[in-house]
Amino acid sequence: MPRTQNGVWSELRIDSTPHVTVAVSPQVTALAILADAISGRRRGLPDRWREHVQEAVSPEGWEAALPIGAPGHSVAPDSIVPLTPLGEVPVARHVAWLRDAKPDDLQEDLGRTFGTEPVPRHWRRVADQPRRWLQGYATAVDEVWSAVEPLWRRARPAIEREVERVGAAVVRGAHDVLFGSLSERIVYSDGTLRVSDLEPGRYELGGRRLVLVPTLAGRDSIVVNYEHPELVWIGYPLPGVDAVWRQAGGDRSADELSAVLGEMRAGLLAVLHTPTTMSRLAEQAGTVPSAITYHCERLASAGLIDRERKGREVWVTRTRRGDDLLELFDI
């Protein structure tokens, strides 16, 4: 099994054309941000937003969130997302569920998650004090969401564009292209979806639905639930999420770079932290490929990017000069 920078791959076998849907779930965003900012599982959240979230969370919330980001582990009880992300359920309802849940419910959840194996060390305090954890985790989710809800509202147009993009790909039967565009930590080939994972496993989709959940988390954030009897859901970063964070933060440096290059070209240069295809850039920007081609030509003429055709795709790479320009603007 191939290794990645984050561990190895979990594999989801898809034997036939899957039933794919997309869901808008603020709770999955709250979890992904909590894991990055509070639990210590850094997945690309901008530093200023990480600090903003950290300042919003109480010691009670910090304590409850720590097991989620334990080094070397990714398996967690379903209670971290208590209501299945099939529709846009308000975070307040998840918080209410956690506060009203019985300790026995959490104990049963831990039993289903870890089976006959002993509860891992990082979850033992939760097992010993389930009521304390439920209340503390509810507090953490509530506090995180209070910090990022304005961003969620601002990002709604981008989220709606992503819903339309996924829907169009499904209607056209372009599942392989869709799966390959979700994240650099997700690879699809030969009927198998491979997801970078700290605790890998092999799973069968079977007749279950595959639910895709775009999130406003760091660009390397992936949250997956393989165990639900009716569906598998995957939380992945919203295309262009870096630009959403930057614009929401009122980033003066980004504004200054936009004044020099133009908003579109500044945004393209900023997201090229790794080589990316032209088609992926167009998806991230929510525009047509011809527009991206035009702006990339201008960036290439300035020596800020390089382009190289590989097969049917044109790959775009930021040059050293491009890196230096971003560093100059402290981006």
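See the structure printed just above.
Keep in mind the model is a prediction, meaning the values are calculated, not measured. (Residues numbered from 1 in each chain as written. Predicted model: local features only at pLDDT ≥ 70, side-chain atom pairs only at ≥ 80, totals over all residues. Heavy atoms only, no water.)

### Here's the deal with the sheet that holds strand S10 (residues 276–277)
Ordered in space as S10-S12-S11, the three strands form an open sheet in which the pairing is antiparallel. In the strand order of this sheet, the two ends are held by S10 and strand S11 (305–310), each with one partner. Sheet topology note: the S10/strand S12 (residues 313–318) ladder contains two bridges and is antiparallel. Its bridge partner being in S12, Thr-276 is matched across the sheet by Val-316. (Pairing = 2+ DSSP bridges. Helix = DSSP H or I, 4+ residues; strand = E, 2+ residues; numbered from the N terminus.)

### Concerning the side chain of Gln-27
Following the sequence through the fold, Gln-27 ends up in helix H1 (residues 26–37). Here the side chain of Gln-27 touches Ile-80 through a polar contact of 3.0 Å, landing on its backbone oxygen. (Polar contact = N/O pair within 3.5 Å; in protein donor to acceptor, adjacent residues only side chain to side chain.)

### Quick word on the sheet that holds strand S7 (residues 209–215)
An order of S3-S7-S9-S8 is seen for the four strands of this open sheet, with the pairing classed as mixed. Only two strands of the sheet have a single neighbouring strand rather than two, namely strand S3 (20–22) and strand S8 (223–225). Strand-to-strand, the axes of this sheet are offset by a mean angle of 15 degrees, without reference to chain direction. Those strands touched by helix H8 (residues 156–171) are S3, S7 and strand S9 (231–237), and its axis lies near 170 degrees from that of S3. (Axes fitted to C-alpha atoms, helices over the stretch in contact; angles between N-to-C directions. Contact = heavy atoms within 4.5 Å.)

By themselves these figures say nothing about function.
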